[in-house]
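Coordinates in review
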Amino acid sequence: EDKVVQSPLSLVVHEGDTVTLNCSYEVTNFRSLLWYKQEKKAPTFLFMLTSSGIEKKSGRLSSILDKKELFSILNITATQTGDSAIYLCARAGNNRKLIWGLGTSLAVNP
Amino acid sequence: DGGITQSPKYLFRKEGQNVTLSCEQNLNHDAMYWYRQDPGQGLRLIYYSQIVNDFQKGDIAEGYSVSREKKESFPLTVTSAQKNPTAFYLCASSIDRTANTEAFFGQGTRLTVV
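About the criteria used
- Residue indices follow the written sequence of each chain, beginning from 1 at its first position.
- Ligands are numbered from 1 and chains lettered from A, in the order in which they are written.
- Restriction of local features to residues with pLDDT of at least 70 applies here, the model being predicted, together with a cutoff of 80 or more for giving and counting side-chain atom pairs; totals for whole chains, interfaces and linings are based on all residues.
- Note that water and hydrogens are dropped before the side-chain values are worked out from all heavy atoms of the structure.
- Labels follow the DSSP assignment, with helices taken as runs of H or I lasting at least four residues and strands as runs of E lasting at least two, numbered in each case from the N terminus.
- C-alpha atoms define the radius of gyration, and 2.2 Å times the number of residues to the power 0.38 defines the globule rule.
- A simple rule labels every residue: compare its accessible area, found with a 1.4 Å probe on the protein chains alone, to the largest value its type can have, and call it buried under 20%, exposed over 50%, or partly exposed in between.
- Whether two residues are in contact is decided by their heavy atoms: any pair within 4.5 Å suffices.
- Computed with the Shrake-Rupley method and a 1.4 Å probe, the accessible areas treat only the protein chains shown as cover for residues.
- Charge assignment: positive for Lys and Arg, negative for Asp and Glu; neither His nor the chain ends contribute.
- We put the charge of a Lys on NZ, of an Arg on CZ, of an Asp on CG and of a Glu on CD.
- Put simply, a salt bridge is a Lys or Arg side-chain nitrogen that is within 4 Å of an Asp or Glu carboxyl oxygen.
- Pairs of N or O atoms are called polar contacts if they sit within 3.5 Å, as long as, within protein, a hydrogen donor faces a hydrogen acceptor (for residues adjacent in sequence, only side-chain-to-side-chain pairs).
- Here, nonpolar core refers to any group of buried Ala, Val, Leu, Ile, Met, Phe, Trp, Tyr and Cys residues whose side-chain atoms link them within 4.5 Å.
- Patch building starts from residues that exceed 30% relative accessible area and form no salt bridge, then joins like charges within 9 Å and nonpolar side chains (Val, Leu, Ile, Met, Phe, Trp, Tyr) within 5 Å.

Section: the overall build of chain B
Counting its secondary structure elements, chain B contains zero helices and eleven strands. Element order for chain B, N to C, with α for helix and β for strand: β-β-β-β-β-β-β-β-β-β-β. What you see for chain B is a C-alpha radius of gyration of 13 Å, in line with the 13 Å of a compact globule of 114 residues. Summarising its shape, the C-alpha atoms of chain B cover approximately 35 × 30 × 30 Å along the three principal directions. The 114 residues of chain B split such that 48% are buried. If you take every contact in chain B between residues at least 6 apart in sequence, the share linking residues at least 24 apart comes to 52%. As displayed, chain B offers around 5,500 Å² of accessible surface, 46% of which is attributable to carbon and sulfur atoms. One finds the centroid of the 12 positive side-chain charges in chain B at a distance of 7 Å from the centroid of its 12 negative side-chain charges.

Concerning the interface of chain A and chain B
Listed by partner, the interface residues are 20 residues for chain A and 24 residues for chain B. The interface formed by chain A and chain B holds zero salt bridges in total. The interface formed by chain A and chain B contains four residue pairs in polar contact (both at pLDDT 80 or more). Elements with a minimum of two residues in the side of chain A that touches chain B: β4 (32–38), β5 (43–49), β9 (85–92) and β10 (98–100) of chain A.

Re the nonpolar core
Residues and elements named next belong to chain A. Residues Tyr-25, Leu-33, Trp-35, Leu-46, Leu-74, Tyr-87 and Leu-106 are the most contacted members of the largest nonpolar core, which totals 23 residues. For this core, the secondary structure elements donating two or more residues are β3 (19–25), β4, β5, β7 (61–66), β8 (71–76), β9 and β11 (104–109). Looking at which element gives the most residues to this core, the answer is β3, with four residues. Not counting residues within four places of it along the chain, the set of residues in contact with Tyr-25 comprises Lys-3, Val-4, Phe-30, Leu-33, Leu-65, Asp-66, Lys-67, Leu-70, Phe-71 and Arg-91.

Looking at a nonpolar patch on the surface
Residues and elements named next belong to chain B. On the surface, Tyr-10, Phe-12 and Val-114 cluster together to form a nonpolar patch covering roughly 370 Å² of accessible area. By secondary structure assignment, the location of Phe-12 is in strand β2 (residues 10–13). The class of Phe-12 is exposed, set by a relative accessible area of 55%.

Worth remembering: the numbers are spatial, not functional.
Below, the structure is given as structure tokens:
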């Protein structure tokens, strides 16, 4: 079955901690993997990964894709309370649909 | 400003009534999508449209209907046949019909059926 699995499902950390969120998938032929942040309403785009081993970085957030092991990670360093959100991962398949994981709910406590 | 707009933000309806959720985008995107989000279930695809006057069923299309008469608009009707319509509905659009580009989301409509 074609699934995207995110782990952990939820995570509570203190400000300043570094977190690593995981996203694994099951098919080898795909176009891209996307990460989104959802705070209250609309998910907002973070990264799109298409090539294995190339890190994408935006401030304290970074992400990398491993096509051989079929997973991606999202790292957040020096977390802040504003990082509290649900982080969603999605795989873009050849059938033109996005396959979504359930998300990781991150809570950053002061 | 360019973007994707959903309305209303909150909607209450009586059981058995049809209700239509609006989604408009001025990004000139070809592809538009409707998702349903329930607690602990992630985003589930209801319908998607890659071009005007064409749309396809997603994974949970039963009890829903859509139209795509204009590029900018992709309204979703929740019919009385939908057994559990109370949920958070998200509309999205992307420039690329192949879904290989980022999708932009509206702010969502929270539908409550009483």
